[in-house]
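Topology and contacts: notes
Spelled out from the first residue to the last, the chains are:
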Amino acid sequence: MLLGKTITQLRSLIEKKEITSKEVKEYFLKRIKKFNPALNAFLTLNDVEDKSIGDRMLGIPLAVKDNFCTKNLRTTASSKVLDNFIPPYESTVTQKLKNAGAYIIGKTNMDAWAHGSSTETSDYGPTKNPWDITRSPGGSSGGTAAAVSAYLAPGGIGSETAGSIRQPASWSGIVGLKPTYGRVSRFGVIAMGSSLDCPGPLTLTIEDAAYLLSLIAGKDIQDATSSPLPIEDYVTQMKKKKTYTIGISDDYFEGLDTDVAKALQNSIDIFKKLGFKTKKVKLLSPNYAISVYTIIQRAEVMSNLARYDGIRYGNERTMFGTEAKRRVMLGTYTLSYGYYDAFYKKAQKVRTLIIEDFKRVFKDVDFIIGTPTPITALKLGEFSKYPFFGELMDKFNEPGAMAGIPAISVPVGLDRNNLPIGMQLMANYFHESDILNASYQFEKETNFFDVIKKGVARYRD
Amino acid sequence: MSKKTLLSKEEILHLAKLAKLQLTDEEIVKYQSQLGETIEYIKNLDELDITDIPATNSVGNLENVTYEDGAQSLNSLTEKEALQNAKKVKNGEFAVTRIME
């Protein structure tokens, strides 16, 4: 009876007293026990009884990526360096969700330190894609994506540095929203690339994404980079009938798998049918964003991982995995004497070019359409064959991440192997409402081709 | 990525020392070519004209974010909380290995 119910639907059922919060919680705990051994989506379950039932989330469970510090609940970032770390404080995002009455049902697997696009660099084994357990769910928020896709939680929270929400949402066949940098507080999120990191929701519907965003967004005195701009009523804004202009840039259609390209073209036709206009635009090649991202992110990783000394908390630096070490090494290289101007400074300047480029194009169009990833879910083990492959796979996510603009990934069909295909819309700074509005119209028109429904139906009670 | 740049073993060991990382022999060899490959790729930025372009440190356009005078930290930990994850604690302080004789 509860299978596949959205957060919005569960709230309504609890409000009407057709079911209790306790029953909902037990339902999901039972499903986690049944399916998690095969999927490895959750690392730690929250068995601390939480009695606060705020009236906005009414005790509804959420899956939270294991890089959000949760007070008195183990938080590892999927690295053995933090194997036994019990945070003495709560991240702003999880605090806000708890205040709203959400139940953090467990902490989900991820690429260690969020370094990766497959959840395979986790020190606790890879998460499996619920659509095909021989494949990756994407990453780094792969645990949350798999948990939501297989309905082990009705929604969840991930974080993005460049693609870590959009790409696993795409590969696991659900909705993933990356907000504008600074729209959601980073306080208490284990830092990866501090000028890029961005928490966001992964959900079954656009309405749930809008609702969760409204709960977690806003200025936070504990994060100086959080924006003072007022947050909107995203659910109300989403439902207003609007038409938009969609920008199409050829560079974002290069090298796509044929099924992905076909599904994208079909999506553009659906937007046209909804009365949207399209316009060709020319953007800087994403190949430059790959380099800017690689330089700046590795530099920030090197700096952020320097704090793990094994003295105040956590284990010694000998516990870092090979991917974390590789990134620290490159960050150390590009920041060292003689290379700073050649790499880091240059990357910061090209970052300015990327930002100006988007601002110019968003004078003419509301969105840029594309896909978060040129191919559908890879088999487990494929990524490790090509160390730089992850960055190339994320090339369509890196420009938006470097600029700090918002973007969404939604399912737009299945490929020849019955694997989900994702479409992405990027928009100007703080235009989350418009992204949600357009995606909601698309959802009403197509029901995402039943992808989400079919995904949940694979995991019957 | 046609050209193949290799970092020397000495360069790799120097970087590892700066970052306080221990590498296996296998990792040293692997990183020599992998870091080289990445460094070769990111040189594509040389194709762009960045004369007179300012550097971006932060995308938020926020300036001078400060606390009010007298503001209290919302996030101070008790001694017990601050020490709860430490492996070695002595007299309510973090204990570290002696670095000078």
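Everything below is about the structure shown above.
Residues numbered from 1 in each chain as written. Chains lettered and ligands numbered in written order. Predicted model: local features only at pLDDT ≥ 70, side-chain atom pairs only at ≥ 80, totals over all residues.

Remarks on the overall build of chain B
- Secondary structure assignment for chain B yields 3 helices and 2 strands.
- Going residue by residue from the N terminus, the α and β elements of chain B occur as α-α-α-β-β.
- Since a compact globule built from 101 residues should have a radius of gyration of about 13 Å, the 23 Å found for chain B marks it as more spread out than a globular shape.
- Its C-alpha atoms give chain B principal-axis dimensions of about 55 × 45 × 25 Å.
- Counting over 101 residues, chain B shows a buried share of 9%. (Helix = DSSP H or I, 4+ residues; strand = E, 2+ residues; numbered from the N terminus. Rg over C-alpha atoms; globule rule 2.2 N^0.38 Å. Buried ≥ 20, exposed ≤ 12 C-beta atoms within 10 Å, placed from the backbone.)

Description of the environment of Thr332(A)
- With respect to the helices and strands, Thr332(A) occurs in helix α10 (residues 322-335).
- Measuring from C-alpha to C-alpha, the distance between Thr332(A) and Ser226(A) comes to 28 Å, with 106 residues separating the pair along the chain.
- In this view, Thr332(A) contacts Met302(A), Leu15(B), Leu18(B) and Ala19(B); residues no more than four positions away in its chain are not counted. (Contact = placed C-beta atoms within 7 Å.)

Here's the deal with the nonpolar core
All names here are of chain A.
- Among the nonpolar cores identified, the biggest contains 144 residues, and Val 292 and Phe 367 are the most heavily contacted of them.
- No other element matches the 10 residues that helix α9 (residues 286-304) contributes to this core.
- Setting aside residues no more than four positions away along its own chain, Phe 367 makes contact with Tyr 244, Ile 246, Gly 247, Leu 425, Met 426, Ala 427 and Ala 438. (Core = buried A, V, L, I, M, F, W, Y, C linked by C-beta atoms within 7 Å.)

Section: the pairing of strand β8 (residues 277-280) of chain A
Residues and elements named next belong to chain A.
- Pairing geometry for strand β7 (residues 245-248) and β8, over 4 bridges, is parallel. The partner of Ile 248 across the bridge, within β8, is Lys 280.
- Crossover connection from β7 via helix α8 (residues 258-273) to parallel β8: handedness right-handed. (Pairing = 2+ DSSP bridges. Right-handed = clockwise from strand over helix to strand, strands pointing away.)

Re the interface of chain B and chain A
- Taken together, the contact between chain B and chain A spans 40 residues of the former and 48 residues of the latter.
- Within the residue set of the side of chain B that touches chain A, elements represented by two or more residues are α1 (9-18), α2 (25-42) and α3 (79-83) of chain B.
- The leading source of residues in the side of chain B that touches chain A is α2(B), at 8 residues.
- Grouping the amino acids of the side of chain B that touches chain A by side-chain chemistry returns 25 nonpolar, 11 polar and 4 charged. (Nonpolar A, V, L, I, M, F, W, Y, C, P; charged D, E, K, R; others polar.)

Side note on the environment of Val29(B)
Residue and element names in this part refer to chain B.
- With respect to the element layout, Val 29 can be found in helix α2.
- By C-beta crowding, Val 29 is classed as partly exposed, having 13 other C-beta atoms within 10 Å.
- Put simply, Val 29 and Ser 8 are 21 residues apart on the chain and 9.2 Å apart in space, counted from C-alpha to C-alpha.

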